[in-house]
Amino acid sequence: GQQVMQIPQYQHVQEGEDFTTYCNSSTTLSNIQWYKQRPGGHPVFLIQLVKSGEVKKQKRLTFQFGEAKKNSSLHITATQTTDVGTYFCAGGGNNAGNMLTFGGGTRLMVKP
Amino acid sequence: DVKVTQSSRYLVKRTGEKVFLECVQDMDHENMFWYRQDPGLGLRLIYFSYDVKMKEKGDIPEGYSVSREKKERFSLILESASTNQTSMYLCASSLGGAGGVDGYTFGSGTRLTVV
């Protein structure tokens, strides 16, 4: 079945440093979505990418979808303490019902 | 704003008890999902449903069942709770396939402890 791997599992950064998390699928994806889960909270939808090579920005966050639609990345420029949390990617593909498969998440910790 | 409401934030149950976790969404979403979240294991899908009275097994359905008698409500049932079912349970809903344009909307979660 479809698998979505996400690295790294954990990342500590100093406030102001950049951060990137990577997502790789074993199969071609129809779309990729990104979610953020604050400590003690629940995952919240951030964005969706559907086109090959697509790049989207939300303030300091940049999301990319690979040309082959099998990988994606989330880059945060100049992290802030408010960026703390776990970031999940989730890919849609040819599984039953075309539902999402979640990556394992990357937990970001920011030192002030 | 779409809301997904889970009936309990914290729950403590005894081994062998039958446990019901309730989830209600208010935006007429066809799709509903139950996940459990454990440290280091990410989100694991237990069951999902695309329509009333319809259910499909996810990756870890053993020890669980579900019920969807009405479109807005999706219940997770632990037939006989065991300590290895101690976890955070998250309900989600969505409109359309593969998360739809607005993604999954998650509830706040139920932290279940089985003693």
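An account of the accompanying structure is given in this report. Treat the numbers as computed from the prediction; the structure is a model and nothing was measured. (Residues numbered from 1 in each chain as written. Chains lettered and ligands numbered in written order. Predicted model: local features only at pLDDT ≥ 70, side-chain atom pairs only at ≥ 80, totals over all residues. Heavy atoms only, no water.)

### What about the overall build of chain B?
Moving on, step 1. Helix and strand content of chain B: 0 helices and 12 strands.
Moving on, step 2. From first element to last, N terminus to C terminus, chain B shows the α and β order β-β-β-β-β-β-β-β-β-β-β-β.
Moving on, step 3. Seen through its C-alpha atoms, chain B measures out along the principal axes to roughly 40 × 30 × 25 Å.
Moving on, step 4. Out of the 115 residues belonging to chain B, those deemed buried represent 49%.
Moving on, step 5. Of the contacts made within chain B by residues no fewer than 6 positions apart, 56% connect residues no fewer than 24 positions apart.
Moving on, step 6. Surface accessibility of chain B: about 5,500 Å² in total, with carbon and sulfur atoms responsible for 49%.
Moving on, step 7. For chain B, the centre of its 15 positive side-chain charges and the centre of its 15 negative side-chain charges are spaced 7 Å apart. (Helix = DSSP H or I, 4+ residues; strand = E, 2+ residues; numbered from the N terminus. Buried < 20%, exposed > 50% of the residue type's maximum accessible area, 1.4 Å probe, protein only. Contact = heavy atoms within 4.5 Å. Areas by Shrake-Rupley, 256 points an atom, 1.4 Å probe, with all protein chains shown as cover. Lys, Arg positive; Asp, Glu negative; His and termini not counted. Charge placed at Lys NZ, Arg CZ, Asp CG, Glu CD.)

### Observations regarding the state of the cysteines
In a disulfide, the sulfur atoms of two cysteines are covalently bonded to one another.
Moving on, step 1. For the structure on display, the rule yields 2 disulfides over all chains.
Moving on, step 2. Here Cys 23 of chain A engages in a disulfide with Cys 89 of chain A; their sulfurs sit 1.9 Å apart. Taking the sign of the S-S torsion, about 75 degrees here, the bridge from Cys 23 of chain A to Cys 89 of chain A comes out right-handed. Taken together, the positions of Cys 23 of chain A in strand E3 (residues 19-25) and Cys 89 of chain A in strand E9 (residues 85-92) put the pair 66 residues apart, joining distant regions of the chain. Across the pair, Cys 89 of chain A and Cys 23 of chain A agree in class, each one buried.
Moving on, step 3. The residue that forms a disulfide with Cys 23 of chain B is Cys 91 of chain B, at a sulfur-sulfur distance of 1.9 Å. Measuring handedness by torsion sign, the sulfur bridge of Cys 23 of chain B and Cys 91 of chain B sits at about -75 degrees and is left-handed. Residue Cys 23 of chain B is located in strand E4 (residues 23-25), and its partner Cys 91 of chain B is located in strand E10 (residues 87-94); the two are separated by 68 residues in the primary sequence. An identical accessibility class is assigned to Cys 23 of chain B and Cys 91 of chain B; each is buried. (Disulfide = S-S within 2.5 Å.)

### A word on the nonpolar core
Moving on, step 1. If you look at the biggest cluster of nonpolar residues, it comprises 20 residues, and the most contacted ones within it are Trp 34, Ile 46, Leu 76, Leu 78 and Tyr 89 of chain B.
Moving on, step 2. Elements with a contribution of two residues or more to this core: strand E3 (19-21), strand E5 (31-38), strand E6 (42-49), strand E8 (64-70), strand E9 (73-78), E10 and strand E12 (110-114) of chain B.
Moving on, step 3. When residues in this core are grouped by element, the largest group, 3 residues, is from E9 of chain B.
Moving on, step 4. Apart from the residues within four sequence positions on either side, Tyr 89 of chain B is in contact with Gln 6, Leu 21, Trp 34, Tyr 35, Arg 36, Ile 46, Tyr 64, Leu 76, Leu 78, Gly 109, Thr 110 and Leu 112 of chain B.
Moving on, step 5. In terms of nonpolar packing, the next biggest core, distinct from the first, is built from 19 residues, Val 4, Cys 23, Ile 32 and Cys 89 of chain A among them. (Core = buried A, V, L, I, M, F, W, Y, C linked by side-chain atoms within 4.5 Å.)

### Some points on the interface of chain A and chain B
Moving on, step 1. Chain A puts 20 residues into the contact, and the matching count from chain B is 22 residues.
Moving on, step 2. At the boundary of chain A with chain B, the tally comes to 0 salt bridges.
Moving on, step 3. Contributions of two or more residues to the side of chain A that touches chain B are made by strand E4 (31-37), strand E5 (44-49), E9 and strand E10 (100-102) of chain A.
Moving on, step 4. When residues of the side of chain A that touches chain B are assigned to their parent elements, the largest contribution, 4 residues, is made by E4 of chain A.
Moving on, step 5. Among the residues making up the side of chain A that touches chain B, the classes are represented as 8 nonpolar, 12 polar and no charged. (Salt bridge = Lys/Arg side-chain N within 4 Å of Asp/Glu carboxyl O. Nonpolar A, V, L, I, M, F, W, Y, C, P; charged D, E, K, R; others polar.)

### Comments concerning the sheet that holds strand E7 (residues 61-65) of chain A
Residues and elements named next belong to chain A.
Moving on, step 1. Taken in spatial order, the 5 strands line up as E1-E3-E8-E7-E6 in an open sheet, and their pairing is antiparallel. The open sheet terminates on both sides in strands that have one partner only, identified here as strand E1 (4-7) and strand E6 (55-58). Averaged over all neighbouring strand pairs, the angle between strand axes comes to 15 degrees, with direction disregarded.
Moving on, step 2. As judged from the 6 bridges shared by E3 and strand E8 (residues 71-76), these two strands associate in the antiparallel manner. Bridging across to E8, Thr 20 finds its partner in His 75. (Pairing = 2+ DSSP bridges. Axes fitted to C-alpha atoms, helices over the stretch in contact; angles between N-to-C directions.)

As far as function goes, none of this settles anything; it's purely spatial.
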